[in-house]
Amino acid sequence: MSPDDFTASHWYAIGRFADFPEGLSRPLRLLSQDIVAVRQGKDVKVTRADGRPCMVQARYGHVWTTLMDKPRALYDMPEFLEEGRRLVTAGAIGVLCSGLRAVENFLDMAHFPFVHTGILGIEEHPEVEKYDVSMDAERDEIWATKCCFFQPMAAATATGGQITEYKYRVPHPYSTILYKTCPIREGAWDLIGLFIQPTEEDACIAHSFVLVFDESNSDTSLLHFQQNIFLQDRMILENQVPRKLPIDPRWEMPTRADASSIAYRRWLKANGVVWGTAKLAEAA
Ligand SMILES: [Fe+2]
């Protein structure tokens with residue numbers, strides 16, 4: 001199945017610049033299509049299987065490409081221009097599920113105590129307090145705000161349990177960014193994000209990053225913290241059935257689905273997203 005127009009119209013991260021060594025052709029998959037990426041000096045060139053070039057841009061520590069000749073603009077993250085932040089990328093992790101499922105899981109706080117036990121949550125504090133979800137109509141994106149959760153070790157910089165406040169942003173069907181109160185800078189937010197490269201309808205590669213004010217942890221410890229969390233998520237994601245995301249409202253919502261998950265599914269449906277979603281007939 002070829003991707004619907006909305007899915008096809010976006011830019012997708014395919015790796016970091018350093019992941020493309022000079023002169024080496026790397027065959028990749030994007031939206032069920034073969035593409036080839038090759039580094040030439042300061043540029044990465046991407047071509048389709050038939051040799052036609054794809055547009056490429058370098059942003060947010062990653063190389064992005066698109067299969068469209070006239071894609072919609074890649075969303076802005078002004079925090080990447082702020083002084084004093086550190087970017088740590090965690091590399092590419094393949095996951096056997098729709099990338100839409102990976103985004104939805106990222107939005108879901110209810111799994112923290114059970115999947116990230118002792119790090120992002122504890123079983124004695126499983127409640128998800130009510131939070132706000134809104135649509136930014138102008139930018140066509142979803143925001144969940146005032147999300148508060150008890151965390152025993154919210155970040156690599158944390159030394160004890162605390163109520164952490166979050167905001168979640170979904171500016172792209174396959175990207176999501178978490179804004180978390182910064183433990184060392186009053187009023188600032190640390191960013192944790194996921195750029196998903198959807199390879200097939202039911203398989204993806206997750207490129208994750210943190211963009212933080214942090215002077216005490218090494219890149220390695222920030223990287224390990226991120227990778228550890230995501231590998232715990234991968235185990236859950238690969239056990240979800242079906243591997244594609246059910247968005248049909250007639251399909252009974254999973255009981256753990258929350259407000260941001262409902263908003264995300266509705267937003268995908270309103271934008272005509274079909275590729276990567278499960279059909280009612282697959283419910284059985
Ligand atoms: Fe998780």
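As the structure is a prediction and not an experimental result, all values here were calculated from the model.

Novice: Which residues make up the overall build of the protein chain, and what are the values?
Specialist: Broken down by element type, the protein chain carries five helices and 16 strands. For a compact globule of 284 residues, the expected C-alpha radius of gyration is about 19 Å, and the protein chain comes in at 19 Å, within 12% of that figure. Counting only C-alpha atoms, the protein chain reaches 55 × 50 × 35 Å along its principal axes. Looking at the 284 residues of the protein chain, the share that counts as buried comes to 37%. Once local pairs closer than 6 in sequence are excluded, the contacts in the protein chain between residues at least 24 apart make up 61%.

Novice: Quick one: what's the story with helix α4 (residues 219-237), residue by residue and with numbers?
Specialist: With 19 residues, α4 extends 26 Å from end C-alpha to end C-alpha; this agrees with the ideal 27 Å at 1.5 Å per step. Inspection of α4 places L222, F225, Q226, D233 and L237 among the buried residues, and these make up the whole buried set. Take α4 and look down its axis: the buried residues cluster within an arc of 110°, on one side only. Of the residues in α4, the exposed ones pointing more than 90 degrees away from the buried face are T220, N228, L231 and M235. Residues of α4 that are buried make contact with β8 (86-95), α2 (99-107), α3 (112-115) and β14 (203-212).

Novice: Mind laying out the pairing of strand β12 (residues 175-181), listing which residues take part and the relevant values?
Specialist: Note on strand geometry: in a regular strand, side chains alternate between the two faces of the sheet. In terms of residue burial, β12 counts as a mostly covered element, since five of its seven residues are buried. Relative to β12, strand β11 (residues 162-172) runs antiparallel, the two sharing five bridges. Bridge pairing in β12 links R169 to I177. In this structure, the hairpin formed by β11 and β12 is closed by a connection of two residues. Where β12 lies against strand β13 (residues 189-200), seven bridges are found, and the strand directions are antiparallel. Each bridged residue has a counterpart across the sheet, and for I177 the counterpart in β13 is G193.

Novice: Got a sec to walk through the packing of α2 against α4? Specific residues and values, please.
Specialist: In the contact formed by α2 and α4, the axes pass within 11 Å of each other and the chain directions differ by 120°. Taken together, the axes of α2 and α4 lie oblique to each other. Two packed elements cross with a definite hand, and for α2 against α4 that hand is right-handed. For the pair α2 and α4, contact is made by R101, A102 and N105 and by D233, I236 and L237, respectively. Counted by class, the contact of α2 with α4 contains three nonpolar, one polar and two charged residues.

Novice: Lay out the pairing of β11 in plain terms, naming residues and giving numbers.
Specialist: Two elements, strand β10 (residues 141-151) and β11, share eight bridges in a ladder whose sense is antiparallel. The partner of C148 across the bridge, within β11, is E165.

Novice: Account for the domain arrangement of the protein chain, with residues named and values stated.
Specialist: Here the protein chain is partitioned into domain 1 (5-65) and domain 2 (84-282). Look at where the C-alpha atoms of domain 1 and domain 2 centre, and you get two points 24 Å apart. Those elements that place two or more of their residues in the side of domain 1 that touches domain 2 are α1 (5-8), β1 (12-15) and β2 (25-30). Grouping the constituent residues of the side of domain 1 that touches domain 2 by class yields six nonpolar, six polar and three charged.

About the cut-offs
Residues numbered from 1 in each chain as written. Predicted model: local features only at pLDDT ≥ 70, side-chain atom pairs only at ≥ 80, totals over all residues. Helix = DSSP H or I, 4+ residues; strand = E, 2+ residues; numbered from the N terminus. Rg over C-alpha atoms; globule rule 2.2 N^0.38 Å. Buried ≥ 20, exposed ≤ 12 C-beta atoms within 10 Å, placed from the backbone. Contact = placed C-beta atoms within 7 Å. Expected span 1.5 Å × (residues − 1). Arc of directions from axis to C-beta. Pairing = 2+ DSSP bridges. Axes fitted to C-alpha atoms, helices over the stretch in contact; angles between N-to-C directions. Parallel < 35°, antiparallel > 145°, perpendicular 65-115°, else oblique. Left-handed = near helix turned anticlockwise from the far one by under 90°. Nonpolar A, V, L, I, M, F, W, Y, C, P; charged D, E, K, R; others polar. Domains from an automatic or database assignment.

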